[in-house]
Amino acid sequence: MDAVEAANSGHPGMPMGMADVATILWGEFLRFDAADPDWADRDRFVLSAGHGSMLVYALLHLSGFVRPTIDDIRNFRQLGSPCAGHPERHELKGIETTTGPLGQGLATAVGMAIAERHLNAGFGDGLVDHRTWVIAGDGCLMEGISHEAIGLAGHLKLGRLNVLWDDNGISIDGPISMASSEDVPARFRSSGWHVVSCDGHDPASIRAALAEAAASDRPSLVQCRTVIGYGAPTKAGTEKTHGSPLGAAEVAGAREKLGWTAAPFEIPADIAAVWKAAGARGSGDRAAWTARLAAHPERDAFERRMAGAVPGDFSLHDFKAGLLADAKPVASRKASEMALGAINAQLPDTVGGSADLTGSNLTKTSGLGLLNAGNYAGRYIHYGIREFGMAAAMNGLALHGGIIPYGGTFLVFADYCRGAIRLSALQEQGVVYVMTHDSIGLGEDGPTHQPIEHLASLRAMPNLAVYRPADAIETAECWELAIADRKRPSILALSRQNLPLLRSDITSNRCAEGGYRLLAATAPRRAVLVATGSEVAIAIEAAKVLEASGIGTDVVSMPCWERFAEQPEAARLELLPDDVLKVSVEAGSTFGWERIVGADGLMIGIDSFGASAPAPALYQHFGLTPAAISERVLQRLG
């Protein structure tokens, strides 16, 4: 109450309503050691109802974490305080995932629970044996992603996952009954969950419910019947406590009703001591685990994986040499599958999957067993038609540690994944999104499936690397970069149609430059064609036409805008000089290309929706042919 009041901003109701449940969870069930918040075998706690952030800040402070300090809490929601409006993973130890977008915390926790079972299968109970606990609100369970997450968790029988539902019957607008009448426990039961309920303000009832949940071999929903804003004399149980300060009079009344006499931001010594002891309760378990790790034969492998380090000898050089030795046209989605064969054979860290498009995304390689309820050691997950749920689960796999997740769908369905992709970027998690069928080149499925604006919209997102490789060599190079980049998510936009092998030099990873000169002009240079993906080969043919007309033309392949922007200005100007016509060629929206070719450049692309037809007819229709491109360049040059 005091922090929200001081900030004149925040959500006091949920923390007040769930304080009793959280006290029993953190004091008796959650296995952690505040002195070592990075302990690999700690239980994971996810506050999916992230608007109630003051609950987790209070828990961390009381339990003895170094931060937040009481001054941090005094400065709740202020610039420079780690106590942000919603929990941010990068701000505080003990925040396992950034939450706030409702439902995503729950779905991310499913990924954490998958990671725990998978690593347990590989390293055994001695190193990996913990639970994932979630506090979720009504809003989390109304969001569509919750249905995807609940279904996946039930199917995989994730018995170490426990969701504590803050069943207070209130949302921002008022009673939940105004907008929803579904039977939530029945929904969970139908998905294979164990369900138990408790009085969220009765310690004995809470304790019994949590014990029952922890003992179940199925994922558990604990229905905690609570009063939002518990203790507030006139606003408790109403939406007035949800997202606004209570006001001085209501806070004073709540202090009196709850029997709390300490001044704001002061914790009585006896209470503080009990909480500090709770924060140290797991120290013995942690010490025993540390001893087991020291004696474990796979200690080095476990520590490397949990640190997110890629082995120093990881390389795709031999694989790329093989591509050159057997040069042939291949779709970049197929080239990705081939690269994954080499990657998965070297890296036990990878866990792949697809949202019911395995045969199209080509994300499953030989030797990857299925990860399912009967085989948690498997490395491939059939996520079902759950694109958003898959993306959020991959965030959880990455956040847990020990796993490099990748998952596939069509690029057009990046829209379904976007909220989770944004959290990948915000949390600096190296999730790899394999997104195939990247343009009108997919053909007859038509405009509903043909990405147009997607590349531009994804490139607008901070800390996201969007790769669109032009051939099999570039595809392998982009995979190398995505695997190495553990602080930034990657999107691989891959073609359905075959692409010729354009590269003959593998001495260095040219895609690391973001853009590079693939073909140099022979006649005096007057134009530079900058293309990505499947249009690079078309640009090369267009350059030949222009050269035949006496127009010296470079072709630049630009698989990654973000990496190109990171290059020194001199290198960028050398590649794209001011004294030539710069032309972008991409089978997608031209939005943003002026940043590359300049305001006076020529942007060739598609600024309408696509159409249903064979791919060659579509490229002809939209003017993405060597003849059409060269003609437009000649017209511009006069």
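Each remark here, short or long, concerns the structure printed above.
Here is a short report on the structure shown in this document. (Residues numbered from 1 in each chain as written. Predicted model: local features only at pLDDT ≥ 70, side-chain atom pairs only at ≥ 80, totals over all residues. Heavy atoms only, no water.)

## Section: the overall build of the chain
Here's step 1: Along its length, the chain carries 26 helices and 20 strands.
Here's step 2: Taking 26 Å as the expected radius of gyration for a compact globule of 638 residues, we find that the chain reaches 27 Å, a close match to that expectation.
Here's step 3: Dimensions of the chain along its principal axes, counting C-alpha atoms only, are 90 × 55 × 45 Å.
Here's step 4: Expressed as a percentage of the 638 residues in the chain, the buried residues total 59%.
Here's step 5: Contacts in the chain between residues at least 24 apart in sequence constitute 77% of all its contacts with a sequence separation of at least 6.
Here's step 6: Surface exposure of the chain reaches about 23,700 Å², of which carbon and sulfur atoms provide 53%.
Here's step 7: In the chain, the 55 positive side-chain charges and the 73 negative ones have mean positions that sit 2 Å from each other. (Helix = DSSP H or I, 4+ residues; strand = E, 2+ residues; numbered from the N terminus. Rg over C-alpha atoms; globule rule 2.2 N^0.38 Å. Buried < 20%, exposed > 50% of the residue type's maximum accessible area, 1.4 Å probe, protein only. Contact = heavy atoms within 4.5 Å. Areas by Shrake-Rupley, 256 points an atom, 1.4 Å probe, with all protein chains shown as cover. Lys, Arg positive; Asp, Glu negative; His and termini not counted. Charge placed at Lys NZ, Arg CZ, Asp CG, Glu CD.)

## Some thoughts on a nonpolar patch on the surface
Here's step 1: A surface patch of nonpolar side chains, about 460 Å² in accessible area, is lined by Val 227, Tyr 230, Leu 258, Trp 260, Ile 267 and Ile 271.
Here's step 2: Looking at the secondary structure, you find Val 227 in the loop between β7 (220-225) and α10 (248-258). (Patch = residues over 30% accessible without salt bridge, like charges linked within 9 Å, V, L, I, M, F, W, Y side chains within 5 Å. Salt bridge = Lys/Arg side-chain N within 4 Å of Asp/Glu carboxyl O.)

## Topic: helix α5 (residues 104-123)
Here's step 1: Compared with the 28 Å implied by 1.5 Å per residue over 20 residues, the 28 Å span of α5 between its first and last C-alpha is a close match.
Here's step 2: The buried fraction of α5 amounts to 18 of the 20 residues, a majority that puts the element mostly inside the structure.
Here's step 3: Gly 124 sits one or two positions beyond α5 and adopts a positive phi of about 90 degrees. (Expected span 1.5 Å × (residues − 1).)

## Focus on the pairing of strand β1 (residues 44-47)
Here's step 1: What you see with β1 is no split at all: Arg 44 and Val 46 on one side and Phe 45 and Leu 47 on the other are buried throughout.
Here's step 2: Across four bridges, β1 lies against strand β2 (residues 132-137) in parallel orientation. Of the residues in β2, the one forming a bridge with Val 46 is Val 134. (Pairing = 2+ DSSP bridges.)

## Quick notes on the pattern of salt bridges
Here's step 1: Inspection of every chain in the model, using the stated rule, returns 30 salt bridges.
Here's step 2: When the shortest N-O distance is used, the salt bridge between Lys 93 and Asp 38 registers 2.9 Å. Of this pair, Lys 93 sits in the loop between α4 (70-74) and α5 while Asp 38 is found in the loop between α2 (13-29) and β1, placing the two residues 55 residues apart along the sequence.
Here's step 3: Of the residues examined, Asp 38 reaches a relative accessible area of 46% and is grouped as partly exposed.

## Topic: the sheet that holds strand β14 (residues 490-494)
Here's step 1: Read across the sheet, six strands follow the order β10-β9-β11-β12-β14-β13 without closing on themselves; strand pairing throughout is parallel. The sheet is open, and its two borders are formed by β10 (380-382) and β13 (465-467), each paired with just one other strand. Strand-to-strand twist in this sheet, taken as the mean axis angle between neighbours without regard to direction, amounts to 20 degrees.
Here's step 2: Two strands pair when backbone bridges link them, and strand β11 (residues 404-410) and strand β12 (residues 432-436) are joined in this way by five bridges, in the parallel orientation. Considered in β12, the bridge of Tyr 406 is made with Val 432.
Here's step 3: Of the strands in this sheet, β9 (350-354), β11, β12 and β14 touch helix α15 (residues 332-346), which is tilted by about 135 degrees from β14.
Here's step 4: Each of β9, β11, β12, β13 and β14 is contacted by helix α20 (residues 472-484), which is oriented at about 165 degrees to β14, the strand it contacts most. (Axes fitted to C-alpha atoms, helices over the stretch in contact; angles between N-to-C directions.)

## Remarks on the side chain of Glu 535
Here's step 1: Tracing the chain through its elements places Glu 535 in helix α21 (residues 535-548).
Here's step 2: With near-sequence residues (within four places) excluded, Glu 535 lies in contact with Arg 468, Val 585, Glu 586, Ala 587 and Tyr 619.

## With respect to α15
Note: α-helices contain 3.6 residues per turn, so residues at a spacing of three or four share the same orientation.
Here's step 1: Between its terminal C-alpha atoms α15 stretches 21 Å, which fits the 21 Å expected from 15 residues at 1.5 Å a residue.
Here's step 2: Restricting attention to buried positions, one finds in α15 the residues Ser 332, Arg 333, Ala 335, Ser 336, Glu 337, Ala 339, Leu 340, Ala 342, Ile 343 and Asn 344.

## Quick notes on the pairing of β9
Here's step 1: Extensive coverage of β9 is indicated by the burial of five of its five residues.
Here's step 2: Taking every second residue as pointing to the same face, both faces of β9 are buried, with Thr 350, Gly 352 and Ser 354 on one and Val 351 and Gly 353 on the other.
Here's step 3: Across three bridges, β9 lies against β11 in parallel orientation. For Val 351, the partnering residue across the bridge sits in β11 and is Pro 405.

## A closer look at the packing of α21 against helix α26 (residues 626-637)
Here's step 1: At a minimum axis distance of 8 Å, the contact between α21 and α26 shows a crossing angle of 55 degrees. Judged by the angle between their axes, α21 and α26 are oblique. In this structure, α21 meets α26 at a crossing whose hand is right-handed. Touching Ile 538, Glu 541, Ala 542, Val 545 and Leu 546 of α21 are Pro 626, Ile 629, Ser 630, Val 633 and Leu 634, all from α26.
Here's step 2: Grouping the amino acids of the contact of α21 with α26 by side-chain chemistry returns eight nonpolar, one polar and one charged. (Parallel < 35°, antiparallel > 145°, perpendicular 65-115°, else oblique. Left-handed = near helix turned anticlockwise from the far one by under 90°. Nonpolar A, V, L, I, M, F, W, Y, C, P; charged D, E, K, R; others polar.)

## Some points on the nonpolar core
Here's step 1: Core analysis: the largest hydrophobic core is formed by 113 residues, its most contacted members being Trp 26, Leu 161 and Leu 164.
Here's step 2: With ten residues, the top contributor of residues to this core is α5.
Here's step 3: If we ignore the near neighbours within four places in the chain, the residues touching Leu 161 are Ala 109, Val 110, Ala 113, Thr 132, Val 134, Ala 153, Trp 193, Pro 219 and Ser 220.
Here's step 4: Ranked by size, the runner-up nonpolar core spans 32 residues in total, among them Val 330, Ala 476, Ala 482 and Cys 560. (Core = buried A, V, L, I, M, F, W, Y, C linked by side-chain atoms within 4.5 Å.)

## Here's the deal with the sheet that holds strand β16 (residues 516-519)
Here's step 1: Read across the open sheet, the five strands follow the order β16-β18-β17-β19-β20; overall the sheet is mixed. The sheet terminates laterally at β16 and β20 (602-604), the two strands that pair on one side only. For this sheet, the mean angle separating the axes of adjacent strands, direction not counted, is 30 degrees.
Here's step 2: The pairing of strand β19 (residues 581-585) with β20 spans three bridges and is classified as parallel. Within β20, the residue paired with Val 585 across the bridge is Ile 604.
Here's step 3: Sheet strands in contact with α21 are β16, β17 (525-531), β18 (552-557) and β19, and its direction is about 170 degrees off that of β18.

## Considering the environment of Ala 472
Here's step 1: The residue Ala 472 is located in helix α20 in this model.
Here's step 2: The buried category is assigned to Ala 472, whose relative accessible area is 5%.
Here's step 3: Beyond its immediate stretch of four places on either side in the chain, Ala 472 contacts Leu 323, Val 330, Ala 335 and Leu 501.

## Focus on the side chain of Thr 132
Here's step 1: Looking at the element boundaries, Thr 132 is found in strand β2.
Here's step 2: When sequence neighbours within four positions are dropped, the list of residues in contact with Thr 132 reads Arg 44, Ala 109, Met 112, Ala 113, Arg 160, Leu 161 and Asn 162.

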